[in-house]
Amino acid sequence: MISDMAVYEELRALGKEQYRKIWKNHGVQGESFGVSFADMKVLVKKIKTNHQLSLDLWATGNHDARVLATMIADPKQATDAMLDAWARDLSSYVITDAFSTYASKTTLARAKIEEWTQSDDEFVGQAGWSLLAQLARDDKTLPDSYFEPFLERITRDLHSSKNRVRHSMNNAVIAIGLRNNALEAKATAVAQKIGKVVVDHGQTDCKTPDAIAYMEKAKARKK
């Protein structure tokens, strides 16, 4: 039973066929109302943080409800069991990206990187590498030595990894390379060894960025 059925019904009312088609093209499986991220953000501003509601929303299995759950869940209340349970439910890269953003805010992020990047499940693996990219962007306390073993693993494993894992590994190379000059040189060397990263983006116009070109453009924008 959802602790606030009004929120679930509001999600339903916000749904549009246009967005249901978009999410389907992006690989979303199961029920989806088709709520835009713009409408979702309005709901989040109204609800703010509500951990119990997030658990209830996730339990519905509805795509939009689960996206909202990741946006209102309290990172301080995340448990190992909860994160693993949610990770087992991941079924598209869209919800995995939303979930990874939430998980990156928890104190368990580093432990889950170690665990999930080893997973044979495509979306759990994606979550692990997406988490690594998030920490590379946001956690300024981590030393370069933390990231170097992951660059070695990416060099070794990227082309033999599953589709969305390849994409997240490539994004991790970029995020690590943008931390500082020393890591940029190492990330660039990794990208050169890997070469072109091929990812099936389904019925979308999405592209997998060239890591070296992306890092160069990002540095130019900063200057």
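Residues numbered from 1 in each chain as written. Predicted model: local features only at pLDDT ≥ 70, side-chain atom pairs only at ≥ 80, totals over all residues. Heavy atoms only, no water.

Asker: Break down the overall build of the protein chain for me, with residues and values.
Answerer: A count of helical and extended segments in the protein chain gives 13 helices and zero strands. Listing each helix as α and each strand as β along the protein chain from the N terminus yields α-α-α-α-α-α-α-α-α-α-α-α-α. The C-alpha radius of gyration of the protein chain comes to 18 Å, within 12% of the 17 Å expected for a compact globule of 223 residues. Taken along the three principal axes of its C-alpha coordinates, the protein chain extends 50 × 40 × 35 Å. Residue burial in the protein chain is summarised as follows: out of 223 residues, 50% are buried. A sequence separation of at least 24 residues applies to 68% of the contacts in the protein chain between residues at least 6 apart. About 11,400 Å² of surface is accessible on the protein chain, with carbon and sulfur atoms providing 51% of the total. Positive and negative side-chain charges in the protein chain, numbering 32 and 29 respectively, have mean positions lying 5 Å apart. (Helix = DSSP H or I, 4+ residues; strand = E, 2+ residues; numbered from the N terminus. Rg over C-alpha atoms; globule rule 2.2 N^0.38 Å. Buried < 20%, exposed > 50% of the residue type's maximum accessible area, 1.4 Å probe, protein only. Contact = heavy atoms within 4.5 Å. Areas by Shrake-Rupley, 256 points an atom, 1.4 Å probe, with all protein chains shown as cover. Lys, Arg positive; Asp, Glu negative; His and termini not counted. Charge placed at Lys NZ, Arg CZ, Asp CG, Glu CD.)

Asker: Before we move on, can you summarise the packing of aromatic side chains with the specific residues and values?
Answerer: Within this structure, the stated rule accounts for 11 aromatic pairs. When the centroid spacing of 4.2 Å and the interplanar angle of 5° are considered together, the rings of W58 and W86 count as stacked. Separated by 28 residues along the polypeptide, W58 in helix α4 (residues 51-59) and W86 in helix α6 (residues 80-88) bring together distant segments of the chain. In this pair, the class of W58 matches that of W86, namely buried. Residues W86 and Y102 carry aromatic rings whose centres are separated by 6.0 Å and whose planes lie at 40° to one another, so their mutual orientation is tilted. A residue pair is termed long-range when its members are at least 10 positions apart, and W86 in helix α6 and Y102 in helix α7 (residues 93-103) qualify at 16 residues. Among the residues examined, W86 registers a relative accessible area of 5% and is labelled buried. Assessed through its relative accessible area of 1%, Y102 is described here as buried. By way of ring pairs, the aromatic residues W58, W86, F99, Y102 and W116 are connected into one cluster. (Phe/Tyr/Trp six-rings, centres within 6.5 Å; stacked < 30°, edge-to-face > 60°.)

Asker: Help me get a handle on the layout of surface pockets, residues and values and all.
Answerer: There is about 340 Å³ of room inside the largest pocket. Around the largest pocket, the lining comprises 18 residues; the ones closest to its centre are D97, S130, A133, R137 and N171. Of all elements in the fold, only α7, α9 (122-138) and α11 (163-177) reach the threshold of two or more residues within the lining of the largest pocket. Ranked by the residues each element gives to the lining of the largest pocket, the list is headed by α11, at six residues. (1 Å grid on protein atoms, 1.4 Å probe; cavity = no way out; pocket = protein on both sides within 12 Å on 5 of 7 lines; lining within 4 Å. Points joined across faces, edges and corners; volume = space filled by probe spheres on them.)

Asker: Please give an account of the nonpolar core that cites residues and values.
Answerer: With 69 residues, the main nonpolar core has L68, W116, L132 and I154 as its most contacted residues. It is α9 that contributes the most residues to this core, nine residues altogether. Among residues more than four places away in sequence, those in contact with L132 are I113, Y146, F147, F150, A172 and I176. (Core = buried A, V, L, I, M, F, W, Y, C linked by side-chain atoms within 4.5 Å.)

Asker: Summarise helix α13 (residues 211-222); cite the residues concerned and give the values.
Answerer: The first and last C-alpha atoms of α13 sit 17 Å apart over 12 residues, in line with the 16 Å expected at 1.5 Å per residue. For α13, the set of buried residues is A211, M215 and A218. Considered in projection along α13, the buried side chains sweep an arc of 65° and stay on one side of the axis. Facing away from the buried side of α13 by over 90 degrees, the exposed positions are E216, K217, A220 and R221. Along its buried surface, α13 packs onto α11 and α12 (181-194). The N-cap residue of α13 is D210: its side-chain oxygen and the backbone nitrogen of I212 are 3.2 Å apart. (Expected span 1.5 Å × (residues − 1). Arc of directions from axis to C-beta. Polar contact = N/O pair within 3.5 Å; in protein donor to acceptor, adjacent residues only side chain to side chain.)

Asker: For the pattern of salt bridges, give the residues involved together with the corresponding values.
Answerer: What the rule picks out here adds up to 11 salt bridges. The shortest N-O distance in the salt bridge between R20 and E17 comes to 2.9 Å. Here E17 and R20 lie together in helix α2 (residues 17-25), a separation of three residues that amounts to about one turn. A salt bridge links K186 to E148, with the nearest nitrogen and oxygen atoms 2.6 Å apart. Of this pair, K186 sits in helix α12 while E148 sits in helix α10 (residues 144-157); the two residues are 38 residues apart in sequence, bridging distant segments of the chain. On the basis of relative accessible area, K186 is assigned to the partly exposed category, the value being 39%. Accessibility expressed as a relative area gives 25% for E148, which makes it partly exposed. (Salt bridge = Lys/Arg side-chain N within 4 Å of Asp/Glu carboxyl O.)

Interpretation in functional terms is not warranted from these geometric data alone.
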